[in-house]
Structure formats: C-alpha cells, structure tokens
Amino acid sequence: MSESISIQPNIHCEPCKECGARPVIEQTRKGFVVVCPTDKKHFTTKPGLVNIDEWNRANKKSPVLNAPQYKNKAS
Ligand SMILES: [Zn+2]
C-alpha cells in the first residue's frame, strides 16, 4: 500500500463531498494524486503533480462551473 501524505493545514482543501474528510496526497507509480482518505472511490485526481485545484473543483458544494459561457462551436 502506498503511504498517505497529509496536506499542510494552511492549504485550502474542500472536504470530500461524499464523507467530509480532508483529502490526503498519495504517491502512485504514475505520480501524485489527491485522494479521499476514507475511500478512493469518492474522488481521486489524475496522477501527476499534486492537483488540489482539481480536487477542490470536484468537491465544491456549490459549483461555480454551471455558468454556460462556452457552447461547443462547430468549426
Ligand atoms: Zn470521502
């Protein structure tokens, strides 16, 4: 099993939207992921650099992403 690295308290992280846990960082063979310590199925970022932004966007309770700014344009 890989070891979990806790994220520094001064870094803003949204709690897991499934269980409210603070995410941790894990090192995988492909890179670092930000993952829920309770269950990886809750959310895991893509392996690579530590991407807390991706975690925060996915776990925000009130998504800011629902403003439909860009529709797919047929090119
Ligand atoms: Zn969770």
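Below, the structure is looked at part by part. Bear in mind that the values here come from a model prediction, so they are computed numbers and not experimental data.

### A look at the overall build of the protein chain
Phase 1 of the analysis: Counting its regular elements, the protein chain contains one helix and three strands.
Phase 2 of the analysis: Listed N to C, the secondary structure of the protein chain is β-β-β-α in terms of helices and strands.
Phase 3 of the analysis: Across the 75 residues that make up the protein chain, the buried fraction comes to 13%.
Phase 4 of the analysis: Taking the intrachain contacts of the protein chain between residues at least 6 apart in sequence as the baseline, contacts between residues at least 24 apart amount to 27%.

### Concerning the sheet that holds strand β2 (residues 24-28)
Phase 1 of the analysis: Read across the sheet, three strands follow the order β1-β2-β3 without closing on themselves; strand pairing throughout is antiparallel. Of all strands in the sheet, those with a lone pairing partner are β1 (4-6) and β3 (31-35), marking the two edges. The sheet shows a mean angle of 35° between the axes of neighbouring strands, direction not considered.
Phase 2 of the analysis: Note: β1 against β2, three bridges, orientation antiparallel. Within β2, the position partnered with isoleucine 5 by the bridge is isoleucine 25.

### Some words on the environment of isoleucine 52
Phase 1 of the analysis: Residue placement: isoleucine 52 occurs in helix α1 (residues 52-59).
Phase 2 of the analysis: In this structure the C-alpha to C-alpha distance between isoleucine 52 and isoleucine 25, which are 27 residues apart in sequence, comes to 9.1 Å.
Phase 3 of the analysis: With near-sequence residues (within four places) excluded, isoleucine 52 lies in contact with Ile7, Ile11, Cys13 and Val34.

### Let's talk about the nonpolar core
Phase 1 of the analysis: Grouped together as the largest cluster of nonpolar side chains are six residues: Cys16, Val33, Val34, Val35, Cys36 and Trp55.
Phase 2 of the analysis: With three residues, β3 is the single largest residue contributor to this core.
Phase 3 of the analysis: Each residue touching valine 33, except ones within four places of it in the same chain, is listed here: Glu26, Thr28, Thr44, Thr45 and Pro47.

What counts and what doesn't
- Residues numbered from 1 in each chain as written.
- Predicted model: local features only at pLDDT ≥ 70, side-chain atom pairs only at ≥ 80, totals over all residues.
- Helix = DSSP H or I, 4+ residues; strand = E, 2+ residues; numbered from the N terminus.
- Buried ≥ 20, exposed ≤ 12 C-beta atoms within 10 Å, placed from the backbone.
- Contact = placed C-beta atoms within 7 Å.
- Pairing = 2+ DSSP bridges.
- Axes fitted to C-alpha atoms, helices over the stretch in contact; angles between N-to-C directions.
- Core = buried A, V, L, I, M, F, W, Y, C linked by C-beta atoms within 7 Å.

Remember, this is a structural readout, not a statement about activity or role.
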